Amino acid sequence: MGVAMRTVELEDELAALLEQEKPLDQAAREQVIELLNQQLADTFDLFSQTKQAHWNVAGPLFKPVHEQLDLIVDIARLASDEVAERIATLGGEPDGRAA
């Protein structure tokens, strides 16, 4: 099976999944989306503050601290992306801005 054929199959499967009724009612989805957006803002803030610290590390432990902050930045970035995708999957609009 060619890549193009498999891509079409995957797109068809995705379209079918998106057409399925969502397991949460509208009110529950809105509550979950609101909570996830709060989590997204917190996670994005963690990313931003950690990146700020990463840029300003100095001193004799520069290298290990710098590397550890890089790891935390990557984890926070991936986590915020995951939360944003979950919000979109539920039909919401991801909003990582602090309230």
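See above for the structure.
What counts and how
Residues numbered from 1 in each chain as written. Predicted model: local features only at pLDDT ≥ 70, side-chain atom pairs only at ≥ 80, totals over all residues. Heavy atoms only, no water. Salt bridge = Lys/Arg side-chain N within 4 Å of Asp/Glu carboxyl O. Phe/Tyr/Trp six-rings, centres within 6.5 Å; stacked < 30°, edge-to-face > 60°. Helix = DSSP H or I, 4+ residues; strand = E, 2+ residues; numbered from the N terminus.

**Some words on the pattern of salt bridges**
Then step 1. A complete count under the given rule lists three salt bridges for this structure.
Then step 2. A salt bridge links aspartate 95 to arginine 97; its shortest N-O distance comes to 2.8 Å.

**Description of the packing of aromatic side chains**
Then step 1. Taken as a whole and assessed by the stated rule, the structure comprises one aromatic pair.
Then step 2. When the ring of phenylalanine 44 is compared with that of phenylalanine 47, the centres are 5.6 Å apart and the planes differ by 35°; the resulting orientation is tilted. Residue phenylalanine 44 and its partner phenylalanine 47 are located together in helix α2 (residues 26-55), separated by three residues, close to a single helical turn.

Honestly, it's all geometry; don't read function into it.
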